[in-house]
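# Structural characterization, general
Here's the letter readout for the chains.
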Amino acid sequence: MHHFNYVADELYCENVPVATIAGAVGTPFYLYSHATLSHHFKTFDQAFGKVPHLVCFALKANSNLAVVRLLANLGGGADIVSGGELYRALKAGVSPDKIVYSGVGKRIDEIQDALRAGILMFNIESSQELLAINKIASRMKKKAHIALRVNPDVDPRTHPYISTGLKKNKFGIDIGRSLKEYREARGLSHVEIVGVSCHIGSQITEIAPFVDALVKLKDLIARLQADGIDIRYLDLGGGLGIRYDQEEPPHPFAYAEAIIKNMQDMDVTLILEPGRVIVGNAGALVTRVLYTKNNGSRHFLIIDAGMNDLARPSLYGSYHAIWPVRDKYAGEKIKADVVGPICESGDFLARDRELPDFAPGDLMAVMSAGAYGFSMSSNYNSRPRVAEVMVKGLEFSVIRRRETCQSLVRGEKVPDFLQGSQVK
Ligand SMILES: *Cc1c(COP(=O)(O)O)cnc(C)c1O
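Given the structure is predicted, the values throughout are model-derived calculations rather than measurements. (Residues numbered from 1 in each chain as written. Predicted model: local features only at pLDDT ≥ 70, side-chain atom pairs only at ≥ 80, totals over all residues. Heavy atoms only, no water.)

## A few points about the side chain of Gln203
Rules: For helices the rule is a DSSP run of H or I covering at least 4 residues; for strands it is a run of E covering at least 2, with both sets numbered from the N terminus onward. Any residue under 20% of the maximum accessible area for its type is buried, any over 50% is exposed, and the rest in between are partly exposed; the area is computed with a 1.4 Å probe on protein chains only. Definition of a polar contact: a pair of N or O atoms within 3.5 Å, with one able to donate and the other able to accept a hydrogen when the atoms are protein atoms, and with sequence-neighbouring residues admitted only if both atoms are side-chain atoms.
Tracing the chain through its elements places Gln203 in the loop between strand E11 (191–197) and helix H8 (208–226). For Gln203, a relative accessible area of 10% puts it in the buried group. Engagement of the side chain of Gln203 in a polar contact is seen with the backbone oxygen of Ile242, the distance being 2.9 Å.

Spelled out as structure tokens, the structure:
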């Protein structure tokens, strides 16, 4: 469900023609729909309405302050993976007691900042991290609330780069060793065990892997309780997939129902960390065709956005639907590669795609780009990062200015020993 629709042959985001925004802010830009974001969050939240729960939006999917603020206004918390994301979450107005902190490589200063802020819990990913957090908390005379992120060794059947819950992945603590690790944690003076967490991967389009993980965690929680270790929070992570092409991911209601059914007699607050399912289909990357060319065997559409703006196709071979902003094309479709200006052969947003016969100057919308789009973008090839825009009804607002060439060199400095003119 989203609010990108054609009225006659003109693509709208809610009630604003996409071409109008392109005229005002230039291209490329990321475009988000307020109504879609709200709808996705509320649907997900309502799905778990029958049980005590907290939805902690995974900031890494889209960390723009306006997006995070919108979700915080709806009662959302945050799943963060760095000090930078902690900063963003707090700045956007997320309540610290709704922030969970995951990630395998938390630094001392990041841990300090999170303790100072008073976050809900750290999802601990190794025994050394556990000891480090205990030590830092003790120096700060604080008690760190923790969950161990266990690796349940289930196969999420997704792309290998975004699978995280297999034994061979770097994430979490092997579930077989976790009981011992919890006993260890219990003996530490400055940590308080409050939860168990896991996150098995991303873009998961079946319910079974989530249930498999839940069953394993449930078993662990029972053992912990038998051991006198009380668990208040069960954090099942994120990972629910979305439709990019022909995928048929479960609806949040079906996902929630399967989870709730398997949680009977459990006295815990459930934490969910959805990212993609909230923002993915709430955003598009709007770009303009610069040139077209044909090398005899292949037709290329060269656009003003590249892999630095949207990395997913080159990184994972991901599919993003491509829609014309003015659907004025009558004739037959052509098969084309949609490529960017970057000096890499991996710089494509679509390959061998049946598309309308786009001409130079035409606008296209690269759909389902709200998650892991802008947040993964870079300045590669010294390209200023693009603007981000949010539409609400008849209004639109630039929620991040387009970077300039000055932004590119901010912080850089030519040292004294290079000052002066030429080598003598
Ligand atoms: C990436 C990540 C998420 C969000 O994953 P989605 O697939 O976007 O829902 C949640 N929790 C953790 C720990 C993550 O690393």
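Don't stop here, the text continues.
## Things to note about helix H1 (residues 18–25)
The cut-off we apply is this: Taking the helix axis as origin, the arc is that swept by the directions to the C-beta atoms.
Every buried residue belonging to H1 is among Val18, Ala19, Ile21, Ala22 and Val25, and all of these are buried. Projected down its long axis, H1 carries its buried residues within an arc of 160 degrees, all on one side. Exposed side chains of H1 directed beyond 90 degrees from the buried face belong to Gly23 and Ala24. Following H1 by one or two positions, Gly26 has its phi on the positive side, about 80 degrees.

## Some points on the nonpolar core
Our working definition: In this description, a nonpolar core means a group of buried Ala, Val, Leu, Ile, Met, Phe, Trp, Tyr and Cys residues linked to one another through side-chain atoms lying within 4.5 Å. Domain start and stop points were drawn from an automatic or database domain assignment. Contacts between residues were defined by any pair of non-hydrogen atoms, one from each residue, lying within 4.5 Å.
Counting residues in hydrophobic clusters, the biggest one holds 99 residues, and the most contacted among them are Phe48, Phe122 and Ile146. The two domains that each donate at least three residues to this core are domain 1 (4–31 + 280–409) and domain 2 (95–274). In contact with Phe122, other than residues within four places in its own chain, are Tyr101, Lys106, Ile111, Ala114, Leu115, Ile133, Ala144, His145, Ile146 and Ala147. Of all hydrophobic cores here, the second largest spans 21 residues; its members include Cys13, Ala19, Ala387 and Val389.

## Considerations on the domain arrangement of the chain
Rules: By buried area we mean the combined loss of accessible area, with a 1.4 Å probe, across both parts when two parts are placed together. Here the term charged refers only to Asp, Glu, Lys and Arg, the term nonpolar to Ala, Val, Leu, Ile, Met, Phe, Trp, Tyr, Cys and Pro, and the term polar to all other amino acids, Gly among them.
The domains assigned to the chain are domain 1 (4–31 + 280–409) and domain 2 (95–274). Between the C-alpha centres of domain 1 and domain 2 the distance comes to 35 Å. Each partner contributes to the interface: domain 1 provides ten residues, whereas domain 2 provides eight residues. Summed over both partners, the interface of domain 1 with domain 2 comes to about 760 Å²; 56% of that surface belongs to carbon and sulfur atoms. When the buried area of domain 1 at its contact with domain 2 is split by residue, Asn281, Tyr316 and Tyr319 rank highest and sum to 57% of it. At the boundary of domain 1 and domain 2, one finds one residue pair in polar contact (both at pLDDT 80 or more). Looking at side-chain class alone, the side of domain 1 that touches domain 2 contains five nonpolar, four polar and one charged residues.

## Looking at the pairing of strand E2 (residues 10–13)
Definition in use: Strands were regarded as paired on the criterion that DSSP finds at least two bridges between them.
The pairing of strand E1 (residues 4–7) with E2 spans four bridges and is classified as antiparallel. Paired with Asn5 across the strands is Tyr12, a residue of E2. Counted between consecutive antiparallel strands, the loop separating E1 from E2 contains two residues, among which Ala8 sits at a positive phi close to 55 degrees. Where E2 meets strand E3 (residues 16–17), two bridges bridge the pair, whose relative direction is antiparallel. Following the sheet pairing, Tyr12 is matched in E3 by Pro17.

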